[in-house]
Amino acid sequence: MSDAVSALDGATYDGLVRLEDLGLRGMITLRGDLASVALKNAATGVAGVDMPAQRRANTVGERGLLWMSPDELLVLVPHAEADQATRTMQATLAGTHFLTENLSDARAMLRITGTPTAVREVMAKLTPVDLSPDAFGPGDVRRTRLAQVAAAFWMPDHNTFCIICFRSVASYVFDLLKAAAAPGSAVGYFDQS
Amino acid sequence: MLTLQCPYCGVQAEETELHAGGEAHLKRFGPGASDEDFEAYLFMRENPKGVHFERWRHVNGCGKWFHAARCTMTLEVFGTYSAQTSEPPQSIRAAISAKRPGWQWKDFA
């Protein structure tokens, strides 16, 4: 068995905010009827958090559930548990209509931390999403794009954004965030509101 | 800038998060159809100045296809609705009638 490494191998950058690669994380896609009790139980069983409402994320440490679409969840677990968690959900849901796949090594997860206004501003430079505190806050998740590539992000708290993108574009996204967080590039837009 | 609300995930999606899917409510003519019908299905499209119905996909988002009713002249959006229908729902028609009395688009009015 080869040693798994994340796309950015723990890269970090300090600018307007702190940007870091979160390393290997378990990410499992789960598609099916999100209203079904069996599916909810399978997802919450391996993730150990409550079922999120529409466009919401429930995360605790490396574990969590992200609402990705009306029929899709992303299940977050520690990387080492991802295969077992996938098999557990497959066994729990056997016989029902669902799809689950361990995508951990197809994705990269990054994080920016800093002051509440700075992290919002860095993200707002790259995405078309309304990131005003009224429109997007802790616990919200959004699938969208960062500059030219698809990405999803959520806010665990006021000072943090976690970002998921494809592994193949991880260095592009890292460089984007680096440029958006370059010292001296502050706009101060959210400082005024 | 066009902003459409995705009827599936409820997000206010801005144009660059979406992918245009062309005219809505096409009736497919496949094997066995007359040449005229097949040609019209493949090539003939509405090009209205005013009320128009389109298909869109929330591509940088939940990935779902949906329908939108909008005005090609003012970019005003009358509403978005599910892809699982072959005609605009009554609520959308009423919303258009309120703004554009007497509108007509193909067989819908």
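Reading the values: the criteria
- Residues numbered from 1 in each chain as written.
- Chains lettered and ligands numbered in written order.
- Predicted model: local features only at pLDDT ≥ 70, side-chain atom pairs only at ≥ 80, totals over all residues.
- Heavy atoms only, no water.
- Contact = heavy atoms within 4.5 Å.
- Buried area = accessible area lost by both parts, 1.4 Å probe.
- Salt bridge = Lys/Arg side-chain N within 4 Å of Asp/Glu carboxyl O.
- Polar contact = N/O pair within 3.5 Å; in protein donor to acceptor, adjacent residues only side chain to side chain.
- Helix = DSSP H or I, 4+ residues; strand = E, 2+ residues; numbered from the N terminus.
- Nonpolar A, V, L, I, M, F, W, Y, C, P; charged D, E, K, R; others polar.
- Buried < 20%, exposed > 50% of the residue type's maximum accessible area, 1.4 Å probe, protein only.
- Domains from an automatic or database assignment.
- Core = buried A, V, L, I, M, F, W, Y, C linked by side-chain atoms within 4.5 Å.

Let us look at the interface of chain A and chain B. Taken together, the contact between chain A and chain B spans 15 residues of the former and 12 residues of the latter. When chain A packs against chain B, close to 970 Å² is buried across both sides, 47% of that on carbon and sulfur atoms. Linking chain A with chain B are 2 salt bridges. In this structure, E17 of chain B engages R142 of chain A in a salt bridge whose closest nitrogen and oxygen atoms are separated by 3.1 Å. Our enumeration of links across chain A and chain B arrives at 8 residue pairs in polar contact (both at pLDDT 80 or more). Of all the elements in the fold, those that place two or more residues in the side of chain A that touches chain B are β5 (63–69) and β9 (141–146) of chain A. The element best represented in the side of chain A that touches chain B is β9 of chain A, accounting for 4 residues. Here the residues of the side of chain A that touches chain B sort into 6 nonpolar, 3 polar and 6 charged.

With that settled, consider the pattern of salt bridges. In this structure the tally under the stated criterion is 16 salt bridges over all chains. Residue D71 of chain A is joined to R31 of chain A by a salt bridge in which the shortest nitrogen-to-oxygen separation is 2.9 Å. A residue pair is termed long-range when its members are at least 10 positions apart, and D71 of chain A in the loop between β5 and β6 (72–78) and R31 of chain A in strand β3 (residues 25–32) qualify at 40 residues. Look at D71 of chain A and you get partly exposed, because its relative accessible area is 23%. In this structure, R100 of chain B and E76 of chain B form a salt bridge, with 3.1 Å as the shortest nitrogen-oxygen distance.

Turning next to the domain arrangement of chain A. All names here are of chain A. The domain architecture assigned to chain A consists of domain 1 (12–23 + 106–180) and domain 2 (25–105). The gap between the C-alpha centroids of domain 1 and domain 2 is 22 Å. Contact with domain 1, which involves 16 residues of that partner, is made by 16 residues of domain 2. Interface of domain 1 and domain 2: buried area, both sides summed, is about 1,400 Å²; carbon and sulfur atoms make up 56% of it. Counting every contact that joins domain 1 to domain 2 gives 2 salt bridges.

Here the focus is the nonpolar core. Among the nonpolar cores identified, the biggest contains 42 residues, and L30, L66, V75 and W154 of chain A are the most heavily contacted of them. Only β3, α1 (37–47), β5, β6, α2 (82–93), β10 (149–157) and β11 (160–166) of chain A together with β5 (65–71) of chain B provide two or more residues apiece to this core. Shared between two domains, this core takes at least three residues from each, and those domains are domain 1 (12–23 + 106–180) and domain 2 (25–105) of chain A. Discounting chain neighbours no more than four positions away, the residues touching L30 of chain A are L39, A43, D71, E72, L73, V75, M89, L93, F98, L99 and T100 of chain A.

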